[in-house]
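# Geometric and topological summary
In case you want the letters, here they are:
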Amino acid sequence: MNNQPLILIVEDDEGISNFISAILTSNNYNVMKTAKGKEAVSVVASYCPDLILLDLGLADMDGIEVLKAIRQWTSIPIVVVSARGHERDKVEALDLGADDYITKPFGTSELLARIRTELRHSQKNSLGHALEAEKIAVGELEINYLKRRVSVAGKEIHLTPIEYKIIVLLSKYIGRVLTHDFIMKEIWGPYTNEIQALRVNMANIRRKLEANPAEPIYIVTEVGVGYRMVEEFK
Ligand code: CA
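Quick look at the structure, then. Please read all numbers here as calculations on a predicted model, not as lab measurements. (Residues numbered from 1 in each chain as written. Predicted model: local features only at pLDDT ≥ 70, side-chain atom pairs only at ≥ 80, totals over all residues. Heavy atoms only, no water.)

With that settled, consider the nonpolar core. If you look at the biggest cluster of nonpolar residues, it comprises 26 residues, and the most contacted ones within it are Leu141, Leu170, Ile183, Met202, Leu209, Ile219 and Met229. Elements represented by at least two residues in this core include exactly strand S6 (135-138), strand S7 (141-144), strand S8 (149-152), helix H6 (161-172), helix H7 (180-188), helix H8 (195-209) and strand S12 (226-229). Considering every element that reaches this core, the biggest residue donor is H6, with six residues. Non-local contacts of leucine 170, meaning those with residues more than four positions away in its chain, are made with Leu178, Ile183, Met202, Ile219, Tyr227, Arg228 and Met229. Among the nonpolar cores identified, the runner-up in size contains 25 residues, and Val10, Val43, Leu54 and Ile76 belong to it. (Core = buried A, V, L, I, M, F, W, Y, C linked by side-chain atoms within 4.5 Å. Buried < 20%, exposed > 50% of the residue type's maximum accessible area, 1.4 Å probe, protein only. Helix = DSSP H or I, 4+ residues; strand = E, 2+ residues; numbered from the N terminus. Contact = heavy atoms within 4.5 Å.)

Next comes the structure, spelled out in C-alpha cells:
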C-alpha cells in the first residue's frame, strides 16, 4: 500500500465490487473489499479506512445496520451506494449519518467526484474551524461569509435572511446532498415542518442565482431527497 487514502468497498455484488475496485486502484487509492456487513464493521475497527462505500442491499446484514454500527464510534466518511428509486432508503441513510450517496448505475467521474468531496470534507474537519474560509467560490458564484455578500459574476445578489441562511448551509456542505429534513431543522429549528417554505425559498434563490432557474447549475435538486450545491464544474 502507498500513502494514498484507503477506501473500503462493502458490496456483495462481485461485478460491481470489482468494477469500483478497478476504478479506485487506477486512481491511486488503496482498496479493501468485503461482501459482508459484519466483516465490514470489524475491518473498519481494525484498519481505520479513510472512506467507506457502503451498499445498502447486502446479503448477510442490512446496510443500514452496518451504518448504525459504524456510526457508534467513528465519523469516517460513508458514501452509500444504492439502487435507483430507493429514495426513502437514501434519506434514512443520510439522516442516520451517511455523508452522501451515489445511485446505481453510476459513472466513473461521478464516483470519483463524490469520493474527492468526502475526503476533502473529512480533512477540513480534522483541521478544525481555525482555517475556515472567509469566502467560497464556485463557477461565477461567490459567497463572502465575512461580508455576508453573495454575487454572481461580480454582481451582488440580494437575498432575504432565510435565503442567505439556506445558501450558506448548502455551501458549508458543498458537493454533498442535504436532506429536506436536515435543511429544515438547521434553518427553522427542530420542531417545524417547513417543507413548503423550503421549496418557495429555493425557487426564489434559483430565480436570483441561476441564469435558467429551470435548469439550475449551482444548487441541484436530488429528487425525493433534498438539495446539493455543486462543487465541481465539468
Ligand atoms: Ca447488493
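Following the structure, the description resumes.
The next subject is the coordination of the calcium ion. Listed as protein donors to the calcium ion are Asp12 (OD), Asp55 (OD) and Gly57 (O); their distances from the metal cover 2.2 to 2.4 Å. Along the chain, the residues that donate to the calcium ion are spaced as D-x42-D-x1-G. Highlighted residues: aspartate 12 in the loop between strand S1 (6-10) and helix H1 (14-26) and aspartate 55 in strand S3 (residues 51-55), separated in sequence by 43 residues. Here aspartate 12 falls in the partly exposed class, since its relative accessible area comes to 31%. You can call aspartate 55 buried: its relative accessible area is 3%. (Donors = N, O, S within 2.8 Å, 3.2 Å for Na, K, Ca; no water.)

What follows deals with the sheet that holds S6. Sheet architecture is open: four strands sit in the order S6-S7-S8-S9, paired in antiparallel fashion. Either end of the sheet is taken by a strand with one partner, and the two such strands are S6 and strand S9 (155-157). Averaged over neighbouring strand pairs, the angle between their axes works out to 25 degrees when direction is ignored. Bridging between S7 and S8 involves four bridges; their strand directions are antiparallel. (Pairing = 2+ DSSP bridges. Axes fitted to C-alpha atoms, helices over the stretch in contact; angles between N-to-C directions.)

The next subject is the pairing of S1. The two faces of a sheet get side chains in turn, since along a regular strand they alternate between them. With respect to burial, S1 is a largely interior element, five of its five residues being buried. Alternating positions in S1 separate into two faces, Leu6, Leu8 and Val10 on one and Ile7 and Ile9 on the other, with burial throughout. Two strands pair when backbone bridges link them, and S1 and strand S2 (residues 30-34) are joined in this way by five bridges, in the parallel orientation. Counted as the bridge partner of isoleucine 9 is lysine 33 from S2. For the handedness criterion, the β-α-β arrangement of S1, H1 and S2 is classed as right-handed. Where S1 meets S3, four bridges bridge the pair, whose relative direction is parallel. Opposite leucine 8, over in S3, you have isoleucine 52 as the bridge partner. (Right-handed = clockwise from strand over helix to strand, strands pointing away.)

Okay, H7 next. Considered for burial, the residues of H7 that qualify are His180, Ile183, Met184 and Ile187. For H7, the angular spread of the buried residues around the axis is 100 degrees, confining them to a single face. Where H7 is buried, its residues contact H6, strand S10 (177-179), H8 and S12. Of the residues flanking the end of H7, it is glycine 189, one or two places downstream, whose phi is positive at about 100 degrees. (Arc of directions from axis to C-beta.)

Here we take up the pattern of salt bridges. A side chain of one charge can pair with a side chain of the opposite charge if their charged atoms are brought near each other. Under the defined criterion, the tally for this structure stands at 17 salt bridges. Between glutamate 231 and arginine 120 there is a salt bridge, and its shortest N-O distance comes to 3.1 Å. With glutamate 231 in the segment after S12 and arginine 120 in helix H5 (residues 108-127), the pair connects residues that are 111 residues apart, well separated along the chain. Overall, arginine 120 belongs to the partly exposed group, its relative accessible area being 33%. One connected set of salt bridges, linked through shared partners, spans Asp100, Glu110, Arg114, Glu222 and Arg228. (Salt bridge = Lys/Arg side-chain N within 4 Å of Asp/Glu carboxyl O.)

Our focus in this paragraph is the side chain of threonine 179. Note on placement: threonine 179 falls in strand S10. A distance of 3.1 Å separates the side chain of threonine 179 from the backbone nitrogen of phenylalanine 182, its partner in a polar contact. Beyond its immediate sequence surroundings of up to four residues, threonine 179 is in contact with Val91, Leu94, Asp95, Val225 and Gly226. (Polar contact = N/O pair within 3.5 Å; in protein donor to acceptor, adjacent residues only side chain to side chain.)

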